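# Understanding the architecture of this molecule
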Amino acid sequence: MADLTDRYDVAVIGGGITGLAAGLELLKQGDCDVTVFESAEQVGGKLQTTDIGSVTVDAGAESMLAVRPEALRMAAEVGLKPSIVHPASRTAYVLSGGHLRELPVGLVSGVPTDMRSLAAARIMSLPGLLRIPIDQLKSRPEVADDVSVGEFISERMGREVVDRLTEPLLAGVYAGNPDELSLRMVNPSLFRQLARDKSLLQAARAVRSGSAIAAGARRGPVFAGLRNGVARLASKSAEVLVAQGAHVRTGCTVKNLRRSGRRWQVTGSKGTFEFDAVVLAVPAAQAATLLRTSAPFAAAQLRSIDAASVAVVTLAYRTSQVPELAGTGFLVPPIEDYHVKGVTFVTNKWEWAARAAKTATPRGLTIVRASYGRYGDDAVLERDDEALASLARAELGAIVGLPPVTVDHRVTRWSKALPQYRVGHVDVVNRARESLADAPGVALAGASYDGVGIASCIASGRQAAKKVARELSEDVVENYG
Ligand SMILES: Cc1cc2nc3c(=O)[nH]c(=O)nc-3n(C[C@H](O)[C@H](O)[C@H](O)COP(=O)(O)OP(=O)(O)OC[C@H]3O[C@@H](n4cnc5c(N)ncnc54)[C@H](O)[C@@H]3O)c2cc1C
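Since the structure is predicted, the reported quantities are computational estimates derived from the model, not experimental observations. (Residues numbered from 1 in each chain as written. Predicted model: local features only at pLDDT ≥ 70, side-chain atom pairs only at ≥ 80, totals over all residues. Heavy atoms only, no water.)

Turning our attention to the site of the ligand. Not every one of the 34 residues close to the ligand is listed here, only the nearest: Thr-18, Glu-38, Lys-46, Ser-63 and Val-452. The backbone of Glu-62 places a nitrogen or oxygen atom 3.0 Å from an oxygen atom of the ligand. When the ligand sits alone it has 1000 Å² of accessible area, and the protein chains cover 87% of it. Secondary structure elements with two or more residues in the shell around the ligand: helix H1 (17-29), strand S19 (408-419) and helix H19 (454-480). Among the elements that line the shell around the ligand, the one with the most residues is S19, at 3 residues. (Near = heavy atom within 4 Å. Polar contact = N/O pair within 3.5 Å; in protein donor to acceptor, adjacent residues only side chain to side chain. Areas by Shrake-Rupley, 256 points an atom, 1.4 Å probe, with all protein chains shown as cover. Helix = DSSP H or I, 4+ residues; strand = E, 2+ residues; numbered from the N terminus.)

Here's what the structure looks like:
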């Protein structure tokens, strides 16, 4: 362990957005030499781009919440403030009975709060609409320690709300089954509010009117992107880390983590190194593997956090052959009998992409991306890239009339990429973190634990960095104070 005159050596394992945020925070805390280990040849994790028809677009995450501060603050911190942009449209659709219907206003994690807007959207059947207010005649909601999002909403408001609204909205974020997802994790504010209110509708309305998202949305756009792709947030952060003296070791997979006296021994594909503290910013399954000998109980907890695999099919069409496409895209619930889960009209959503696609070679492209894969239903992902691209072309043709021929396509596969916050997830994570108190100087951070969105991951990385920095300074005071 470092003495008062020393600097601390801290390892960050995982160079996704969580690890990069942790690295920047450690440098800010001072007195730290930071090394980021990343197994891939480039940093970013789920923030990556792909080139299609000579246009570079995001192949993983493509937008950031603008109503939370973390992502935009980090973009500004690494010099990307001038590149922050917002979607060109706020309108999105959901497929319902074969028709694209505009999403109603006032949805809180797929719970409707504005009945007039919902009725006008023509997403629900009349019996389905009439079932919703029965929620208010039922006894007070019981959510105990946690509850399944799908089962709870279904019991309060009817199954059609889940099938037509909750499922597609949550699938866009988690690719998960709403009956297995934890309400406490998916919407912590709604979960807390349910303890105070008499019905789900009342609680969702209270959350909507009081939430940061609602307040932020009244002030400005809910989402933001970066010109030429949000993946730049990762590459630029890595540049800043290196410029500030951190080491970013790409192509270096950490294989083992061992307590060595008061320090941590990190064994990777490029040797063994010792550190005073470690931030584990890798998905739970990998963290479990690394902790298997030094913290077997935590490892067992982490192993129970599963993840969904997804694939993103990016297609480039000749604009001259494309019908008019409305809004930023649409969601597709499984009851509609398509495989596709969500579609983004990239060149409608981002002006920078539209401009680049207009002048690309060949000229005049429309870029669309289609997402496939849901937790527990990997069959569609077993197709090879060509078959998946053909499926996307056929489904987009059937739903919005896109032509059967594309100029270019890319398939990006994301294996075990979206963590599944099952009912009781908070307790699993708490147990893992509490048990690590026996092994000070290690912190867990990232999408597997505290929220999958970029903003949540940044917050999680920064918090982990602060935790290890605090432990290191307390340790010095204890030993020398
Ligand atoms: C297709 C897709 C679209 C998404 N869209 C959005 C979106 O639009 N907006 C949004 O906010 N969120 C989105 N998300 C979610 C978000 O991108 C992720 O949750 C987030 O980027 C995860 O960041 P992370 O750093 O925690 O994990 P990761 O990105 O998984 O990073 C972990 C890193 O650790 C590395 N690693 C793993 N094991 C080791 C090891 N043993 N040694 C060294 N390195 C290791 C990996 O290579 C990886 O780079 C999307 C996710 C996907 C998959």
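Read on for the rest.
Turning next to the sheet that holds strand S12 (residues 263-268). Across the sheet, 3 strands lie side by side as S11-S12-S13; this open sheet has antiparallel pairing. Since the sheet does not close on itself, it has two edges, and those belong to strand S11 (254-260) and strand S13 (271-275), each with one partner. Strand-to-strand, the axes of this sheet are offset by a mean angle of 20°, without reference to chain direction. Across 5 bridges, the pairing between S12 and S13 is antiparallel. In the sheet register, Gly-268 faces S13, and the bridge partner there is Gly-271. (Pairing = 2+ DSSP bridges. Axes fitted to C-alpha atoms, helices over the stretch in contact; angles between N-to-C directions.)

Our next topic: the packing of helix H13 (residues 296-303) against helix H17 (residues 425-435). Across the interface, H13 lies against H17 with an axial gap of 8 Å and an inter-helix angle of 160°. By the angle between their directions, the pair H13 and H17 is classed as roughly antiparallel. Crossing angle aside, the handedness with which H13 passes H17 is left-handed. Judged by residue contacts, Phe-297, Ala-298, Gln-301 and Leu-302 of H13 engage Val-428, Arg-431, Ala-432 and Ser-435 from H17. Split by residue class, the contact of H13 with H17 holds 5 nonpolar, 2 polar and 1 charged. (Parallel < 35°, antiparallel > 145°, perpendicular 65-115°, else oblique. Left-handed = near helix turned anticlockwise from the far one by under 90°. Contact = heavy atoms within 4.5 Å. Nonpolar A, V, L, I, M, F, W, Y, C, P; charged D, E, K, R; others polar.)

Let us now look at the pairing of strand S2 (residues 32-37). When you tally the buried positions in S2, you get 5 out of 6 residues, the bulk of the element. Pairing of strand S1 (residues 8-13) with S2 involves 6 bridges; the strand directions are parallel. Bridge assignment links Val-10 to a residue of S2, and that residue is Val-34. Between the parallel pair S1 and S2, the chain is carried across by H1, and the sense of this crossover is right-handed. When S2 meets strand S10 (residues 247-249), the two strands line up parallel, connected through 3 bridges. Considered in S10, the bridge of Phe-37 is made with Arg-249. (Buried < 20%, exposed > 50% of the residue type's maximum accessible area, 1.4 Å probe, protein only. Right-handed = clockwise from strand over helix to strand, strands pointing away.)

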